[in-house]
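Spelled out from the first residue to the last, the chains are:
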Number of protein chains: 2
Amino acid sequence: MISSKGYAAQSAKSMLSPFNFQRREVGPHDILIDIQYCGVCHSDLHQVRDEWENAIYPMVPGHEIVGKISKVGDHVKKFKVGDLAGVGCFVDSCRSCSSCQAGNEQYCEKGMAGTYNSYEMDKKTPTYGGYSNCIVVDEKYSLKISDKLPLESVAPLLCAGITTYSPLRHWKVGKGMHVAIVGLGGLGHMAVKLASSFGAEVTVLSHSATKEADAKRLGARHFINTKDDKEVFKARNRFDFILDTVSANHDLNLYLDMLKVDSTMVLVGAPPEAVPVDAFSLIPKRKALAGSMIGGITETQEMLDYCAAHDIVSDIELIPINEIENAYVRMLKGDVRYRFVIDMSTLS
Amino acid sequence: MISSKGYAAQSAKSMLSPFNFQRREVGPHDILIDIQYCGVCHSDLHQVRDEWENAIYPMVPGHEIVGKISKVGDHVKKFKVGDLAGVGCFVDSCRSCSSCQAGNEQYCEKGMAGTYNSYEMDKKTPTYGGYSNCIVVDEKYSLKISDKLPLESVAPLLCAGITTYSPLRHWKVGKGMHVAIVGLGGLGHMAVKLASSFGAEVTVLSHSATKEADAKRLGARHFINTKDDKEVFKARNRFDFILDTVSANHDLNLYLDMLKVDSTMVLVGAPPEAVPVDAFSLIPKRKALAGSMIGGITETQEMLDYCAAHDIVSDIELIPINEIENAYVRMLKGDVRYRFVIDMSTLS
């Protein structure tokens, strides 16, 4: 076994604190990554505090992982020692169901093995995430990372990047389309960068008027303050696609009314409570409300390659790991532009 | 003007009663239909009682209209005197917006002119529906009706038929697909007939165990009593498409859980209250909840021709018009198999 160290929550009430644990030995298809940076996702906080009621403790969070490979198994083909590599939200899946066969491992019928707060596919070995010094992962569930981009700013692409890239691609967002992004946080700011780079005319919908300048800097052409009823009313039937990145409770019908006929709004943030949907928001114009969750390995690699080719990264604030609890407090207040990333060299 | 008689509601509280009114003269593009039968839709009741808070009184309901043409305008091409003809849920639209141009007049950007409880496109001349002896309609908004089928059983196709046909076609329901129909009423029983005739393997989901035999007689292969938690649990991730025809409040998440990855559930019934949708019912398998409303003229004609070719009609109970209030009471209790149709010869 490989001795590892990280930060873990011991219960829903405890603060994250140093934790020593074991990783498996590097198997024939595995790589060992010395983690350099790990992004901080809002879902880390939900899970650490057991807000989704599925917590497994001790919990080492983190699923936006980048670093350098220090060891490879005998049969590894995609990587060599010294390469950069990344790990996203899952580390394995059944590999045989129709979703896995289609490259949509995130929708695995047996349930994917999450990078943390989950179990390996044996359904009994707990998985530990990226708030740690290293990780052992099957090369098939690892991503190649370009050295052309600042590595710390690449980390959030592994979750925030693919979570927004995948639905934008699936619903064919591109040139000539009017696209709205709801919320300008970790996910939203990536959605704006990606959708505008795909050629769409992007509008940011936010209740924080102060974000207008940033929205436009990131690539949005328009900004609507959703507290302004007149602007909201004027935006009815305007958009070909809406990506809703907000994970707080909010009124979806307001946004559904802004969709054109035959258009879709996709949720990637998960509000804690069920959201009331008015049937009349969907029926009269054949609209749809859909959901989307991260992306498969092939698509995640495609996204990383696209970002490297188009110079797209996350806007981040780098923190030492002993600042993580404070980062959570600030994240809850929306006080981060736009993603905290942990500098793992501070774990000593 | 043409003197017409029918049954009208004078207010949300009044019973339907005999009413004399005027129809416009037959214009160059109009046809005059002597109405023989008119179906009774659940939405008639919602509107008569102003439950959608948009009632215009006096209101002559009815949008499942069939009859024989007694006069045609000089420029009418599609019809001649003596032909059968039908009218559905709308009698005009703007004719120039992208939805109208695409043949989706029901999604007209200016708002279609409803067959009743609405206004002509001048937005000031009220429209009166099919609980009456005749109607004047532009031939473009009229349908050709085959004489091969019992005419009284064809009437409900104009709303219940197209409301279910259109989404089944739009989402490409066909051979090899597992399709669930929620609710076995006026809409649901048409959905079962149509989906099974398209080659799908149909399951009816209903909380009335007594409907199982009927569901199978109508073409369903399977029946799930939604009060049986075990059966509901076993049906998770089973369906490629779900059509929800229920207009009472009900738990949509139960059904969303039964969808496969990348599949859609479509609402055609409109529950009076907003329905709580759990984001986790949509996100983990990229599912969608959509709406659909009747169909355009071209598609309605296609549906009528399909039904004539495949011997598909509605199961009906024929009533005299003075039984309409009693029919509403029974409809509210779900006591109709499966559509009331008014024999308009009883209007004297």
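What comes next is a walk through the structure. (Residues numbered from 1 in each chain as written. Chains lettered and ligands numbered in written order. Predicted model: local features only at pLDDT ≥ 70, side-chain atom pairs only at ≥ 80, totals over all residues. Heavy atoms only, no water.)

Looking down a regular strand, the side chains alternate between one sheet face and the other. Residue and element names in this part refer to chain B. When you tally the buried positions in strand S12 (residues 178-182), you get four out of five residues, the bulk of the element. When S12 meets strand S13 (residues 201-206), the two strands line up parallel, connected through five bridges. Each residue of the ladder has a partner; that of valine 179, found in S13, is valine 202. Handedness of the crossover joining S12 and S13 through helix H5 (residues 186-197): right-handed. (Buried < 20%, exposed > 50% of the residue type's maximum accessible area, 1.4 Å probe, protein only. Helix = DSSP H or I, 4+ residues; strand = E, 2+ residues; numbered from the N terminus. Pairing = 2+ DSSP bridges. Right-handed = clockwise from strand over helix to strand, strands pointing away.)

What follows concerns the relation of the copies chain B and chain A. Superposition of the two copies of the chain requires a rotation about an axis together with a shift along that axis. Between the two copies, chain B and chain A, the superposition gives an RMSD of 0.0 Å; the rotation angle is 180° and the shift along the axis is 0.0 Å. What the rotation and shift describe, once combined, is the action of a two-fold rotation axis. In terms of C-alpha distance to the rotation axis, chain B has proline 276 of chain B as its closest residue, with the C-alpha 2.0 Å off the axis. Both copies present the same face, since 100% of the interface residues in chain B are matched by interface residues at the equivalent positions in chain A. (Least-squares fit on C-alpha atoms with pLDDT ≥ 70 in both. Contact = heavy atoms within 4.5 Å.)

Quick look at the pattern of salt bridges now. A full pass over the atoms with the stated rule returns 35 salt bridges over all chains. The residue lysine 80 of chain A makes a salt bridge to aspartate 83 of chain A at a minimum N-O spacing of 3.1 Å. Classification of lysine 80 of chain A by relative accessible area gives exposed; the value is 54%. Residue class for aspartate 83 of chain A comes out buried when judged on its relative accessible area of 16%. One salt bridge connects aspartate 92 of chain B with arginine 95 of chain B, and the closest N-O pair in it is separated by 3.0 Å. Aspartate 92 of chain B sits in the buried class, given a relative accessible area of 14%. Three or more residues are tied together by salt bridges with common partners; here these are Lys193, Asp214, Arg217, Asp315 and Arg337 of chain A. (Salt bridge = Lys/Arg side-chain N within 4 Å of Asp/Glu carboxyl O.)

Turning our attention to the interface of chain B and chain A. Between chain B and chain A, the residue contacts involve 36 residues of the former and 36 residues of the latter. Here chain B and chain A share an interface that buries about 2,800 Å² over both sides, 64% of which is from carbon and sulfur atoms. Contact with chain A buries area across many residues of chain B, yet Tyr107, Ile283 and Arg286 of chain B alone supply 25% of it, more than any other trio. For the pair chain B and chain A, the interface holds eleven residue pairs in polar contact (both at pLDDT 80 or more). The set of elements that each furnish at least two residues to the side of chain B that touches chain A consists of helix H4 (160-170), strand S16 (259-267), strand S17 (275-277), helix H9 (279-282) and strand S18 (288-291) of chain B. Top element by residues in the side of chain B that touches chain A is S18 of chain B. It accounts for four residues. (Buried area = accessible area lost by both parts, 1.4 Å probe. Polar contact = N/O pair within 3.5 Å; in protein donor to acceptor, adjacent residues only side chain to side chain.)

Through backbone hydrogen bonds, the strands of a sheet pair up, either in parallel or in antiparallel fashion. The twelve strands lie next to each other as S14(A)-S13(A)-S12(A)-S15(A)-S16(A)-S18(A)-S18(B)-S16(B)-S15(B)-S12(B)-S13(B)-S14(B), forming an open sheet whose pairing is mixed. Edge positions in the sheet fall to strand S14 (222-225) of chain A together with strand S14 (222-225) of chain B, since each has one partner strand and no second. Adjacent strand axes in the sheet meet at a mean angle of 20°, parallel and antiparallel pairs treated alike. (Axes fitted to C-alpha atoms, helices over the stretch in contact; angles between N-to-C directions.)

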